Amino acid sequence: MVDLFVDRILVKNNKDQDELDTEREIVMRLQNRILMLFFASAKCDTCQEFAPTLHEFFKQLTDEFYVERSAQLVLLYISLDESEEQLESFLKELPKKSLFLAYEDPYRRELEAMFNVEELPTVVVLRPDCSILIPNAVEEIIRLGPDCYRNWHEAAELIDRNFLMNEDFEEKSMRSFSDPVRRLKYKVEDEKKKKKKKKRKGWGRGGDDGGEVEAGADDKDGGGHSGAGDREQSILGEGAEIRDAGDAVSAEEEEEGNRRIDDGKIRRKETDRKREQTE
């Protein structure tokens with residue numbers, strides 16, 4: 001993707017319209033990211049109708065108010081406007097974090113031909129290697145909203161997979177709203193328990209080597225075979241506890257998981273309401 005714009009000047013859609021005009025700046029902004037090329041025109045009524053949807057889509061994936069970490073996503077407006085005034089007018093409908101090509105840059109038309117743009121609006125979604133992921137994602141964005149990014153993320157095989165929603169609660173390792181309940185149901189074990197289970201399996205095989213290692217370790221601690229027996233009994237007891245728990249989850253645990261999910265949704269609605277009031 002970087003090669004596609006390495007000799008070009010990309011402009012930020014901020015108040016000062018800062019330029020990315022060095023290879024290093026462009027690499028830093030585009031490398032290992034999904035790129036959305038938004039072909040549109042201010043004179044196109046359908047483009048005007050789609051712009052707010054695209055704005056909200058991009059904001060919910062990149063604004064830290066909505067996500068713990070911004071998605072690996074770049075929005076680049078390729079103007080097919082008939083004047084610079086039209087371009088400037090349409091930029092007001094787009095996110096401040098988006099980029100665009102200047103009106104005087106002829107590369108706009110080259111990209112239009114390169115990606116066979118036949119209708120407006122068109123959103124061409126590119127993988128980091130510049131291959132086309134979605135020829136035109138307009139309908140998908142309208143239908144699925146931010147959820148379609150997860151599909152793109154997987155299909156593009158991005159290196160970093162740390163996209164998390166704020167509503168995923170306090171545990172940063174959670175993947176979805178159902179994760180708290182799923183973790184309780186299946187009794188996910190930590191590394192310490194896994195190591196203990198491995199030791200238990202070693203004793204169960206009854207191998208001479210394993211016995212000598214454990215005995216040697218006990219002798220160093222001064223516990224001898226008696227210490228090994230105590231640990232074995234303790235671990236076997238814990239293993240039986242885990243086995244008896246199985247996949248069952250207590251009513252209290254399930255209720256707690258559901259409560260956390262509901263609280264997260266309520267917090268999200270409340271913050272959205274406050275944000276709307278301030279705006």
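It should be noted that the structure appears before, not after, this text.
For every chain, the first residue of the written sequence is number 1, and numbering continues from 1 onward in sequence order. pLDDT decides what is reported in this predicted model: residues at 70 or higher carry local features, side-chain atom pairs at 80 or more are listed and counted, and totals for whole chains, interfaces and linings draw on all residues regardless. Side-chain figures throughout are based on the complete set of non-hydrogen atoms in the structure, without hydrogens or water.

Note on pairing: DSSP must find at least two bridges between two strands before they are called paired. Strands are runs of DSSP state E lasting at least 2 residues, helices are runs of H or I lasting at least 4, and numbering of each runs from the N terminus. In spatial order, the strands read β2-β1-β5-β4-β3-β6-β7; together these 7 strands make up an open sheet with mixed pairing. Sheet topology places β2 (19-20) and β7 (132-134) at the edges, where each strand pairs with a single neighbour. When strand β1 (residues 10-12) meets strand β5 (residues 99-101), the two strands line up antiparallel, connected through 3 bridges. What sits directly across from K12, in β5, is L99. Its contacts with the sheet put helix α3 (residues 45-62) on β3 (34-40), β4 (73-79) and β6 (122-126), and the angle it makes with β4 is roughly 160 degrees. By the convention used here, residues are in contact when the closest approach between their heavy atoms is within 4.5 Å. To get an axis, a line is fitted to the C-alpha atoms, and for a helix only the part in contact is used. The angle between two axes follows their N-to-C directions and goes from 0 to 180 degrees.

Attention now goes to unusual backbone geometry. Trans is the common state for peptide bonds, and a negative phi is the common state for residues other than glycine. Following L120, the chain continues to P121 via a peptide bond in cis, the omega torsion being -5 degrees. Mapping P121 onto the fold places it in the loop between α5 (107-114) and β6. Backbone geometry at Q17 places phi at a positive 50 degrees, although glycine is not the residue there. Tracing the backbone through its elements, the reader meets Q17 in the loop between β1 and β2. Relative accessible area decides the class of each residue, using a 1.4 Å probe on protein chains only: under 20% of the type maximum gives buried, over 50% gives exposed, and in between gives partly exposed. Looking at Q17, the relative accessible area reads 27%, which means it is partly exposed. Of note in this structure, C130 is not a glycine but carries a positive phi near 80 degrees. Of note, C130 is situated in the loop between β6 and β7. Take C130: its relative accessible area is 24%, and that puts it in the partly exposed class.

Examined against the element boundaries, E140 turns out to sit in helix α6 (residues 138-144). Despite its burial, E140 pairs with no opposite charge, the nearest such side chain being R143 at 5.5 Å. In this structure, E140 is in contact with I134, G145, C148, N151 and W152, ignoring residues within four places of it in sequence. Counted charges follow a simple rule, with Lys and Arg positive, Asp and Glu negative, and His plus the chain ends left uncounted. Salt bridges are identified by distance alone: a Lys or Arg side-chain nitrogen within 4 Å of an Asp or Glu carboxyl oxygen.

Of note, L144 is situated in helix α6. Expressed as a C-alpha distance, the spacing of L144 and F57, which sit 87 residues apart in the sequence, is 9.7 Å.

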